[in-house]
Amino acid sequence: MYFKDIEGKYKDAMCFVLGAGPSLHFIDKDLLPLFPNYVLITVNSALSKFPDSDFFLADDSGIIYWNYYIDILPKSKCKCLFFEDKLKKYVKSNH
């Protein structure tokens, strides 16, 4: 998938980008449904807390060794956005 494939699709939606930092611990999952038409993008290990996100973003080739890539991502229905130049050879076809 490329960014051009989703260009304009979420034009009027609110977007939340959740990174893998220590503040992720304070994000209340129950508050997100209060925002209609939101798009949720998780970065790296944020996927562990939000496996049903709309998008997963990563650009670190080390993700292939992390549990959320091995165990959680294959079960998630999120669309993956990987940095092609760095990760193309690591990406599984189901991602």
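From a predicted model like this one, the values you see are computed outputs, not experimental measurements.

Trainee: How do you make sense of a nonpolar patch on the surface when you look at a structure like this?
Mentor: Taken together, the side chains of Met-14, Leu-31, Leu-34 and Phe-35 define a hydrophobic patch exposed on the protein surface, amounting to about 380 Å² of accessible area. Looking at where Leu-34 falls in the secondary structure, it is placed in the loop between β1 (14-18) and β2 (38-43).

Trainee: Got a minute to help me understand the side chain of Thr-42 in this structure?
Mentor: Assignment of secondary structure puts Thr-42 in strand β2. Leave out the neighbours within four places in its chain, and Thr-42 touches Leu-18, Leu-47, Phe-50, Ser-53, Phe-55, Phe-56 and Leu-57.

Trainee: How do you make sense of the state of the cysteines when you look at a structure like this?
Mentor: Each disulfide is one covalent bond, formed between the sulfur atoms of two cysteines. In the structure shown here, the tally under the stated rule is zero disulfides. Not part of a disulfide, Cys-78 finds its nearest cysteine sulfur in Cys-80, a span of 4.6 Å. What makes Cys-78 buried here is its relative accessible area of 9%.

Trainee: Sorry if this is basic, but what is going on with the environment of Phe-50 here?
Mentor: Mapped onto the secondary structure, Phe-50 falls in the loop between α2 (46-49) and β3 (55-58). Along the chain, Phe-50 and Ser-76 lie 26 residues apart, while their C-alpha atoms are 9.5 Å from each other. The contacts of Phe-50, once residues within four sequence positions are left out, are Leu-18, Leu-24, Ile-27, Lys-29, Leu-32, Leu-40 and Thr-42.

So, how was this worked out
- Residues numbered from 1 in each chain as written.
- Predicted model: local features only at pLDDT ≥ 70, side-chain atom pairs only at ≥ 80, totals over all residues.
- Heavy atoms only, no water.
- Patch = residues over 30% accessible without salt bridge, like charges linked within 9 Å, V, L, I, M, F, W, Y side chains within 5 Å.
- Areas by Shrake-Rupley, 256 points an atom, 1.4 Å probe, with all protein chains shown as cover.
- Salt bridge = Lys/Arg side-chain N within 4 Å of Asp/Glu carboxyl O.
- Helix = DSSP H or I, 4+ residues; strand = E, 2+ residues; numbered from the N terminus.
- Contact = heavy atoms within 4.5 Å.
- Disulfide = S-S within 2.5 Å.
- Buried < 20%, exposed > 50% of the residue type's maximum accessible area, 1.4 Å probe, protein only.

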